[in-house]
Amino acid sequence: MKPTELSAKPYLTPNEVAAWMMVSPITVRGWAQKGLLQAEVTPGGHRRFRREEVERFARQWNPAGNKGPMRILIADDDPAVVGFLKEWLEDERFNTRVETAFDGFEAGLKVHSFVPDVVLLDVMMPGLKGTEVCRQIKQMPGNADLRVIGLTGHLSPDTERALLDAGAECCLTKPVDMPRLLQQLGLDA
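Note that the coordinates shown come from a computational prediction; the quantities given were computed from them, not determined experimentally.

Basis of the calculations
- Residues numbered from 1 in each chain as written.
- Predicted model: local features only at pLDDT ≥ 70, side-chain atom pairs only at ≥ 80, totals over all residues.
- Heavy atoms only, no water.
- Helix = DSSP H or I, 4+ residues; strand = E, 2+ residues; numbered from the N terminus.
- Buried < 20%, exposed > 50% of the residue type's maximum accessible area, 1.4 Å probe, protein only.
- Core = buried A, V, L, I, M, F, W, Y, C linked by side-chain atoms within 4.5 Å.
- Contact = heavy atoms within 4.5 Å.
- Pairing = 2+ DSSP bridges.
- Right-handed = clockwise from strand over helix to strand, strands pointing away.
- Salt bridge = Lys/Arg side-chain N within 4 Å of Asp/Glu carboxyl O.
- pLDDT = per-residue confidence, 0-100.

Draft legend 1. Focus on unusual backbone geometry. That bond from K174 to P175 is cis: its omega, 0 degrees, falls within 30 degrees of zero. By secondary structure assignment, the location of P175 is in the loop between strand 8 (170-173) and helix 9 (178-185). With a phi close to 55 degrees, V115 is a non-glycine residue in the positive phi region. In this structure, V115 sits in the loop between helix 6 (104-114) and strand 6 (118-122). Of the residues examined, V115 reaches a relative accessible area of 14% and is grouped as buried.

Have a look at this one:
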């Protein structure tokens, strides 16, 4: 089932929640039994999860089980840009955890598995363009509030408008102005 189809359903089965969160149905049942994910029980004894509850849980769920560092996903096809940003953002001054993706498809997978707080997204990648990746990420259940910051070496008013319309909060130019990026991320204090 596509994320847009899941977002239209008021209740989800344990299997649908598991597919969405990329875990097994047994894990979903465990979350429900521990009270981490609220479930309703049908007259037949089956668990059903309200979509809004699953979205809340997805925003808060952290595979490491803590509320630790800011989780940043860098999605860019240029290894030099990725390496520079990763090294800079993993500096010990910042409480961050950084993961990388080198194309739009990998970025979509990492949004599920890494559960970032913010995605730094290259606008011009091979295959899926950054605007389409942003749109798809934002349409995934539970990701409407996920922060996306666009990065491009060729900023034009049309490019910026398209990315903002897709759901990004802003678009920065490359080479990246690191003080501005840190300010945007809230790491400049």
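Having seen the structure, we can now continue with the description.
Draft legend 2. Structural context of the nonpolar core. By size, the foremost hydrophobic cluster in this structure holds 21 residues, and its most contacted members are I72, L89, L120, L181 and L185. When contributions to this core are tallied by element, the ones reaching two or more residues are strand 4 (70-75), helix 5 (79-89), strand 6, strand 7 (147-152), strand 8 and helix 9. The contact partners of L185, leaving out residues within four places of it in the chain, are M70, I72, L89, V118, L120, R147 and I149. Counting 20 residues, the second-largest nonpolar core is a separate cluster that includes L73, A107, C134 and C171.

Draft legend 3. Region of the structure containing the environment of V133. Residue placement: V133 occurs in helix 7 (residues 130-139). The spacing of V133 and A101 is 32 residues in sequence and 12 Å in space, taken between C-alpha atoms. In this view, V133 contacts G104, A107, L121, M125 and L128; residues no more than four positions away in its chain are not counted.

Draft legend 4. Fine view of the sheet that holds strand 2 (residues 40-41). The strand order across the open sheet built from three strands is 1-3-2, with neighbouring strands paired in antiparallel fashion. Either end of the sheet is taken by a strand with one partner, and the two such strands are strand 1 (11-12) and strand 2. Here strand 1 pairs with strand 3 (residues 47-50) via two bridges, running antiparallel. Paired with Y11 across the two strands is R50, which belongs to strand 3.

Draft legend 5. View of the pairing of strand 7. Of all six residues making up strand 7, five are buried, and the element is well covered by its neighbours. Bridging between strand 6 and strand 7 involves five bridges; their strand directions are parallel. Bridge pairing in strand 7 places V119 opposite V148. Note on the crossover from strand 6 through helix 7 to strand 7: the handedness is right-handed.

Draft legend 6. Fine view of the pattern of salt bridges. Within this structure, the stated rule accounts for twelve salt bridges. For R93, the salt bridge goes to D91, with nearest N and O atoms at 3.0 Å. We classify D91 as partly exposed; its relative accessible area is 26%. We note a salt bridge from R147 to E169, for which the minimum N-O separation is 2.9 Å.

Draft legend 7. A look at the confidence of the model for the protein. Taken residue by residue, the protein gives an average pLDDT of 86. The fraction at 70 or more is 90%. Put simply, helix 1 (residues 3-8) is where the protein has its lowest mean pLDDT, 55, and strand 6 is where it has its highest, 96.

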